[in-house]
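Residue-level listing of the chains:
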Amino acid sequence: MTSSSPLLPSTTAVVPIANVETNTTTKKQYLCLFSVITAGLLDDDLGSDEQEITEMINLIIDVDQKRMVALHRQYIRPLHIDNLTDESKEASGVDENLLFTSDIDIEDALRKFDTFLRSQYLHPDFNVNFTFVCENCLYLRQCLHPESIKKGTMPLPSYYWSYFDLRHEFEHMYTTTECHNIKEMLEKLSISSVDETDYCMRHVRNMELIIYQMLNDGHRFEKPEYIMTNLQQGLCSLEDNIEESTVVRARGLPWQCTDQDVAKFFRGLDIEKGGVALCLSSQGRRNGEALVRFVTAEHRELALRRHKHHIGQRYIEVYKASGRDFLNVAGGSNSEAQAFLQRDGQVIIRMRGLPFDATARDVIEFFTRGDIPTYVVDGEEGVLFVHYPDGRSTGDAFVMVKTENEAAQALLKHKDMMGTRYIELFRSTTAEVQQVFRRSQDPKNFQTSLKDIPFAPLPILPPEMLTGGNKKDCIRVRNLPVECGIEQILEFLGVHSQHIVAQGVHMVYNAHGQPSGEAFIQMDSEAASFNAATHKNNKYMFFNGKKKYIEILQCSGEDMNHILLGLVPSNLIPQNIQRQPMYSPHRAQSLVPISTLQQQMLPPSMPISLATSSQQTNVSNGSLSSAQSSNSSASTVNGQMTTAAMNGLHPNATYYPMQVFYYPTPPISPSIYLQTGHMHPGPVTLVLRGDNGQY
């Protein structure tokens, strides 16, 4: 067949050119020149607009005889459009009538071509060397593979997972870097382009001419490129050196998205082992973001072209990220976690909500009970519990199972009971194991649970943090996103943030230790707080792709203290919180002498007399000068405290005032507007002890 030979007017055209030799002792090599077009952009932008494939052509060459042996062409009916744009019709030359009367979808096209190969004895199962050739990687990596995974087609046959990139082969043969497309290759070889109106047919015909010339010049097609079939697990250390140009951040993922789902979104591109790191929120839950590390900078650039492509009905944003970003999420150095991740398992499962006294035996029993038991790799030794720095359990654990089938069976136990608690199960990753362990051991992220901390009705704000009186030089910020940080608040305030005093931003947590969506900010004047409230009240803050209107109210330092003490109605202290004694084994180190507290800062329910010495209250101050420390290891203040005045507080317990919940660590504004040396020493903590004979 010559280049001008027309195809039959059908949605599928098959033209066997010659008999194929069979039963040979050595594998004959056949090259399948592969080309597709979509209903959208072509050439270097092919696949970047997520449009469907509308035409597919396979032209097969016998390498030894340097001749075409078969041609297979199909129009593929798109599912999501009813007509082509004028620009698309002009660029592609597609017959729109044939396209939309076709009864072939993408899966039908794949099956028909596979059947055709078998009928012509060209299938790799017939002991032939059959490899695709594409002008570049876009045809397979950015078009066919992503579309097949989105439409849930049959698994792609093995010959779709390797190919020769004609650009790379041409550069290797002719030692040039100036030929980036078919047109430039033809010019380099002084070959005239084929006269053909259909873009896809013209494309494969021109590729055919180039390959014949390369074969005549002695080129051998020997080392194809392979497409990653499955995401592989791998460990990442904090000391690893990651190339900056290989990482992207994917945002907007469904909350139940796994690393395998992320890999499917980037199907066709090669991801490093352990290269998908799902990001966790401050509460330890997945926040809809992931960092993905690719094998080369070229694949990262292809990933960026999938910006606003879809997973289901959700579009996913894809941005550049750095190697340090990836290490901050996926890197780890915990030896216990590293040993766990080296076990011989294929799938990691995260357990959440475990009883704090749960044992490895309880976990094994949880998975093995029922009609179809699931066996954890290495039994009880294979259970990895997560602990806080003080050794208390977080209620999280990780286990491994050997196969995907066992993992699916194990995940059916999601929300089954262990004792009186239901257990949440999630498919996890090596990066998530490292991230959870690192966060649990980081003192900055350590928060003692409310039930482990005594509730004492002490003043919320230390005196040096308040402006005092009724001077309204503060603002109260409400309705913040719960994951919003100080940096986002400053960005929202804009020019008004320059009037914030040093250490003047106070994030507020509720009595359960969760972000309340409120903050108090001290300004340098009443005019500054008035202007901020006037210009920013009920304005929108854009955060994580969403917008929330923010309330900003002018207030005073006294207002702040009253609200946090519960003297003014607020959403900070729930009604179901009972002010009763709770005991804790923890002892604070950094304390302030009670004598330094102003009388008006103490609530009426807790009067303290410093007159007599019938009972001692030991208070130490970690910030005392070295001279004071040399004279006394702790400040001792003698005072009389009546039992009724204690309002139910046990005399031998450690009491933490409420600002343990109301301030981040450190409890000050970020350094972007603090001068060096102006850091606040920390929250006030009182230790109240009774006589030795008491509890």
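Being a predicted model, the structure only gives us computed values, none of them experimental. (Residues numbered from 1 in each chain as written. Predicted model: local features only at pLDDT ≥ 70, side-chain atom pairs only at ≥ 80, totals over all residues. Heavy atoms only, no water.)

**A word on the overall build of the protein**
Here comes step 1: When helices and strands are tallied, the protein shows 19 helices and 26 strands.
Here comes step 2: Burial statistics for the protein: of 695 residues in total, 51% are counted as buried.
Here comes step 3: The contacts of the protein with a sequence gap of at least 6 include a subset with a gap of at least 24, amounting to 76%.
Here comes step 4: Surface accessibility of the protein: about 33,000 Å² in total, with carbon and sulfur atoms responsible for 47%. (Helix = DSSP H or I, 4+ residues; strand = E, 2+ residues; numbered from the N terminus. Buried < 20%, exposed > 50% of the residue type's maximum accessible area, 1.4 Å probe, protein only. Contact = heavy atoms within 4.5 Å. Areas by Shrake-Rupley, 256 points an atom, 1.4 Å probe, with all protein chains shown as cover.)

**Some details on the nonpolar core**
Here comes step 1: Residues I60, F130, F132, Y160 and F266 are the most contacted members of the largest nonpolar core, which totals 94 residues.
Here comes step 2: Ranked by residue count, the leading element in this core is helix 7 (residues 199-216), at ten residues.
Here comes step 3: When residues of this core are assigned to domains, at least three map to each of domain 1 (29-226) and domain 2 (247-330).
Here comes step 4: Apart from the residues within four sequence positions on either side, F130 is in contact with Y30, C32, I60, F113, L117, L122, P124 and Y159.
Here comes step 5: The next biggest cluster of nonpolar side chains, apart from the first, holds 22 residues, and it includes L490, I521, M523 and I552. (Core = buried A, V, L, I, M, F, W, Y, C linked by side-chain atoms within 4.5 Å. Domains from an automatic or database assignment.)

**Side note on the packing of helix 10 (residues 323-330) against helix 14 (residues 430-441)**
Here comes step 1: At a minimum axis separation of 7 Å, helix 10 and helix 14 run at an interaxial angle of 75 degrees. The angle between helix 10 and helix 14 falls in the class roughly perpendicular. Listed contacts from helix 14 to L327, N328, V329 and A330 of helix 10 are A431, Q434, Q435 and R438.
Here comes step 2: Here the residues of the contact of helix 10 with helix 14 sort into four nonpolar, three polar and one charged. (Axes fitted to C-alpha atoms, helices over the stretch in contact; angles between N-to-C directions. Parallel < 35°, antiparallel > 145°, perpendicular 65-115°, else oblique. Nonpolar A, V, L, I, M, F, W, Y, C, P; charged D, E, K, R; others polar.)

**Quick look at the pairing of strand 8 (residues 247-251)**
Here comes step 1: Burial analysis of strand 8 places four of its five residues in the buried class, which makes it a mostly covered element.
Here comes step 2: The pairing of strand 8 with strand 10 (residues 286-294) spans five bridges and is classified as antiparallel. Looking at the pairing, R251 lines up with E289 of strand 10.
Here comes step 3: Pairing of strand 8 with strand 12 (residues 314-321) involves five bridges; the strand directions are antiparallel. Bridge pairing in strand 12 links V247 to A321. (Pairing = 2+ DSSP bridges.)

**A closer look at the environment of M68**
Here comes step 1: With respect to the helices and strands, the residue M68 is situated in strand 4 (residues 67-75).
Here comes step 2: Considering only alpha carbons, one finds M68 and E208, 140 residues apart in sequence, at a separation of 8.4 Å.

**Examining the pairing of strand 18 (residues 474-478)**
Here comes step 1: Burial of strand 18 is extensive: four of the five residues sit out of reach of the surface.
Here comes step 2: Direction of pairing for strand 18 relative to strand 20 (residues 515-523): antiparallel, over a ladder of four bridges. Among the inter-strand pairings, I475 is bridged to a residue of strand 20, identified as I521.
Here comes step 3: Bridge analysis of strand 18 against strand 22 (residues 546-555) gives five bridges, and the strand direction is antiparallel. Looking at strand 22, one finds that V477 is bridged to I552.

**Some details on the side chain of R73**
Here comes step 1: Mapping R73 onto the fold places it in strand 4.
Here comes step 2: Here E55 takes part through its side chain, which lies 2.8 Å from a polar atom of the side chain of R73.
Here comes step 3: Polar side-chain contacts of R73 include one of 3.0 Å to the side chain of D198. (Polar contact = N/O pair within 3.5 Å; in protein donor to acceptor, adjacent residues only side chain to side chain.)

**Some remarks on helix 10**
In an α-helix, one turn spans 3.6 residues, which is why side chains three or four residues apart end up on the same side.
Here comes step 1: All buried positions along helix 10 are accounted for by G323, F326, L327, V329 and A330. Projection of helix 10 onto a plane perpendicular to its axis shows the buried side chains occupying an angular sector of 165 degrees, all on one side.
Here comes step 2: Where helix 10 is buried, its residues contact strand 8, strand 9 (271-280), strand 10, strand 12 and helix 14. (Arc of directions from axis to C-beta.)

**Section: unusual backbone geometry**
Here comes step 1: A positive phi angle, close to 70 degrees, is found at N479, a residue other than glycine.
Here comes step 2: Within the fold, N479 resides in the loop between strand 18 and helix 15 (486-493).
Here comes step 3: Given the relative accessible area of 29%, N479 is considered partly exposed.
Here comes step 4: Positive phi, close to 60 degrees, is recorded for N538, a residue that is not glycine.

**Comments concerning a nonpolar patch on the surface**
Here comes step 1: Residues Y540, F542 and Y549 make up a contiguous nonpolar surface patch of roughly 380 Å² in combined accessible area.
Here comes step 2: Mapping Y540 onto the fold places it in strand 21 (residues 539-543). (Patch = residues over 30% accessible without salt bridge, like charges linked within 9 Å, V, L, I, M, F, W, Y side chains within 5 Å. Salt bridge = Lys/Arg side-chain N within 4 Å of Asp/Glu carboxyl O.)

**A short note on the packing of aromatic side chains**
Here comes step 1: In total, this model carries 16 aromatic pairs according to the counting rule given.
Here comes step 2: Considering the side-chain rings of F34 and F132, the 5.1 Å spacing of their centres and the 40 degrees angle between planes classify their relative orientation as tilted. On the criterion of sequence distance, the pair formed by F34 in strand 2 (residues 29-38) and F132 in strand 5 (residues 129-134) is long-range, its members being 98 residues apart.
Here comes step 3: Assessed through its relative accessible area of 0%, F34 is described here as buried. (Phe/Tyr/Trp six-rings, centres within 6.5 Å; stacked < 30°, edge-to-face > 60°.)

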